[in-house]
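# Remarks on the overall topology
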Amino acid sequence: MTGDAVIKVEDLHTGFGDHLVHDGLNLEVRKGEVLGVVGGSGTGKSVLLHCIIGLKKPWSGCIEVLGQRVLDLEPPERSALEARWGVLFQDGALFSSLTVAQNIQVPLKEHLNLNQRLMDEIAMIKIGLVGLPPEAGRLYPAELSGGMRKRAGLARALALDPEILFLDEPTSGLDPIGAARFDALIERLRKTLDFTVFMVTHDLDSLNAICDRIAVLADKRVVVIGDMKQMLNERHPWVLEYFHGPRARSAGLLKPGR
Amino acid sequence: MADESTSTTTVNQSQPKPAWIKLNTGGMIELGGCWTIGAAERLDKELTVIHDGTSTKYIFNLSGLERLDTAGAWLIYRTRKSLESGDTEVVLEGVKPEYGILLDEVAANDQTPPPLPHANQLLEWVAHTGEMTLDALARARDFLGFFGLVLLTLSRSVSHPARLRIVPMIHHMEKVGLNALPIVGLISFLIGVVIAYQGASQMKQFGAEVFVVNLIAVSILREIGILLAAIVIAGRSASAFTAQIGAMKVNEEIDAMRTLGLDPIEVLVLPRLLALVLAMPLLAFFADMIGLLGGGLMTWIVLDIRPDQFIERLSDAVSLWSFWIGIIKAPFFAVIIALVGCYEGFQVGGSAESVGHMTSRSVVESIFLVIVADAIFSIFFQLAGV
Ligand SMILES: Nc1ncnc2c1ncn2[C@@H]1O[C@H](COP(=O)(O)OP(=O)(O)O)[C@@H](O)[C@H]1O
Ligand SMILES: [Mg+2]
């Protein structure tokens, strides 16, 4: 109904065996926003992301991305849709037999027909864009640190200048300075490249710094969705504990007097 | 060209136009449409036209741009850079603020990595050969070190039998021994059949058919039974050991073990080694029996030598030593296979690809070493006169 929803999830039921993960989950992501998805460990944030990008088939429900129903797409339409989003998996998921530059060129080769020089140049730009040194392009994933692997994964996700960026815990495992840089990077890229971000995160600083809205996953569904102000006024027990706990205080969310 | 541009633009709701370039007189160049990655290949070609500089000053007017991404921005930046390096002045006009950011971003990241040092081909080849030789020597030394470490750990474990891990050992015996029976049996049976058949057709020419039994018995008991079993186990289990230990190495499980005070040699290598040492003679015995069965069956069919005659002939033809020679070799081959399999597993470094590399290496090396050891044994037994 809202014309500017790029992702629409309705009445989603998912599970493994007899273990129900999502029970009637609804979610809408608006065009151009950064949506942060939070929730306790094992509440199904990664599974939700996998459902949206079509890696896991839900039991029932409807998922629409960029106006197309992901679940009943034919392979060529699917591939065209996949070219319009980029995914950064929780641990980078780089191809270990390829160098960083080759990793970035995989989607270029798969979806487009570019000459090698142009692909090398685009890989170089993306490597710089995510803050890796130029020499990193020649390295193999095993030769990178965790933070560099995340950045390389992001560079690959950005290869096709996607309209939607899916990030699964992009700042987990980074030092606070690296995490803050990563946030700044997403913010800057969003200004320049104008994409929508669906970000699973635990990082209160990221939520505060770059997320326009926050969706809280609890009790097998999205219990609240809204901006930080709404979160702070929410009475759901998990939300209360999360946004009013000691970590929230140290992240400066709770200003005295509010 | 036409289909390339349409395929990139049909997807947007407002139907933006495909990217275009218009060259006007006086160095005025208008750019418009969607300068996105889908059109990059075509634009890359079209932009080369501008390089034949007829003008000393170019003005790029970007006000017609409907969409710009990094690839498009890069192309604009690159064209500008190459024109400016030829002493041509370039001015950008009508740049929307968001495109300005993107162009700056691209310019900031124009950093070609330093070229790799390029050496003389012959020199490189010599250096490569030398490196490979040194590497092989270093690995041989390293492998001997590993062997020593395993022996040391083994002697320590034997003096504290409580430290021997019986349950994992039984588990590995099932995997490497019991589960290999069908394939070892099948191969031995077929080889027995082949030897009998080929032997029979040769011996017939001399009227010495009955000596086929000697041929079968000696070749299978002394060499073929154990060698077949060892080669199958090298292919099955050396690879499995390398892949299991290698995957744990990639996962940092080995490091975790060390920090928890567990000795990886004791936990991972010893159970596999002992399981194989115990299972291999049994497998060799099984291969011998099935090989003889295949040979016997074939002699019955082609030469009409009945089973009871076959067995009678067998006891005349070979001494018990022929049988023992095959069985004695089994534990030695088992040690080679288990050590190579585990050693290469520990050599895995970092990536999934290295697991595959080491796995294939461990199979090749263990088969090679088994055959070398077999040759040494046969010289030794020859000298010992058995
Ligand atoms: N492949 C799988 N098989 C079985 N259960 C799974 C699988 N993947 C995830 N789960 C279960 O689904 C639930 C949600 O997992 P996940 O989405 O990974 O959690 P998180 O919110 O921490 O990302 C967990 O209870 C997990 O045990
Ligand atoms: Mg997760």
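Before any of the text, the structure's been laid out above.
What this report covers is the structure whose coordinates are included nearby. Note that this is a predicted model, so its numbers are computed, not measured. (Residues numbered from 1 in each chain as written. Chains lettered and ligands numbered in written order. Predicted model: local features only at pLDDT ≥ 70, side-chain atom pairs only at ≥ 80, totals over all residues. Heavy atoms only, no water.)

### Quick notes on the pairing of strand β3 (residues 57–68) of chain B
All names here are of chain B. What counts is decided by this rule: At least two DSSP bridges between two strands are required for those strands to pair. Only runs of H or I of at least four residues qualify as helices and only runs of E of at least two qualify as strands under DSSP, and these elements are numbered from the N terminus. Consider the strands pointing away from the viewer: the crossover is right-handed when the path from the first strand over the helix to the second runs clockwise.
Two strands pair when backbone bridges link them, and strand β2 (residues 28–35) and β3 are joined in this way by seven bridges, in the parallel orientation. Within the sheet, the bridge partner assigned to Gly 32 lies in β3 and is Gly 64. Where β3 and strand β4 (residues 89–93) come together, five bridges link them in parallel fashion. Looking at β4, one finds that Phe 60 is bridged to Leu 92. You can see the chain leave β3, run along helix α3 (residues 70–85) and come back into β4, and the turn it takes is right-handed.

### Quick look at the site of ligand 1
All names here are of chain A. Applied cut-off: Near is defined per residue: the residue qualifies when any heavy atom it owns lies within 4 Å of the molecule or strand. Any pair of nitrogen or oxygen atoms within 3.5 Å is treated as a polar contact; in protein, a donor-acceptor pairing is required on top of that, and neighbouring residues in sequence qualify only through side-chain atoms on both sides. Here the nonpolar group is Ala, Val, Leu, Ile, Met, Phe, Trp, Tyr, Cys and Pro; Asp, Glu, Lys and Arg are the charged ones; every other residue, Gly included, is treated as polar.
Residues in close proximity to ligand 1 include Phe 16, His 19, Val 21, Gly 40, Ser 41, Gly 42, Thr 43, Gly 44, Lys 45, Ser 46 and Val 47, which together make up its full environment. Within the backbone of Lys 45, an N or O atom sits 2.8 Å from an oxygen atom of ligand 1. Elements represented by at least two residues in the shell around ligand 1 include exactly β2 (19–30) and α1 (45–52). In terms of residue count, α1 provides more of the shell around ligand 1 than any other element does, three residues in total. For the shell around ligand 1, a count of residues per class yields three nonpolar, seven polar and one charged.

### Focus on the nonpolar core
Inclusion rule: For this analysis, a nonpolar core means a set of buried residues of the types Ala, Val, Leu, Ile, Met, Phe, Trp, Tyr and Cys, connected via side-chain atoms within 4.5 Å. Burial status follows relative accessibility: with a 1.4 Å probe on protein chains alone, a residue under 20% of its type maximum counts as buried, one over 50% as exposed, and anything between as partly exposed. Should any heavy atoms of two residues lie within 4.5 Å, those residues are counted as being in contact.
Counting residues in hydrophobic clusters, the biggest one holds 83 residues, and the most contacted among them are A:Leu154, A:Leu165, A:Leu207, A:Ile214, A:Phe243, B:Trp35 and B:Phe60. By residue number, the principal contributor to this core is helix α4 (residues 116–129) of chain A, which donates eight residues. Those residues in contact with A:Leu207, other than ones at most four positions away along the chain, are A:Gly36, A:Val38, A:Thr201, A:Ile214, A:Met228, A:Tyr242 and A:Phe243. Grouped together as the second largest cluster of nonpolar side chains are 69 residues, B:Met169, B:Leu268, B:Ala275 and B:Ile325 included.

### Thoughts on the sheet that holds β2(A)
Residues and elements named next belong to chain A. Heads up, the condition is: The axes used here are C-alpha line fits, helices contributing only the stretch in contact, and every angle between their N-to-C directions lies in the interval 0 to 180 degrees.
Strands sit in the order β2-β1-β4-β5 across an open sheet of four strands; the sheet is antiparallel. Of all the strands in the sheet, the pair left with one neighbour each is β2 and β5 (68–69). Examined bridge by bridge, strand β1 (residues 5–16) and strand β4 (residues 60–65) share five bridges and lie antiparallel to one another. Each residue of the ladder has a partner; that of Ile 7, found in β4, is Val 65. Strand contacts of α1: β1, β2 and β4, with the helix running at about 120° to β1, the strand carrying the most contacts.

None of the figures reported here should be taken as evidence of function without further support.
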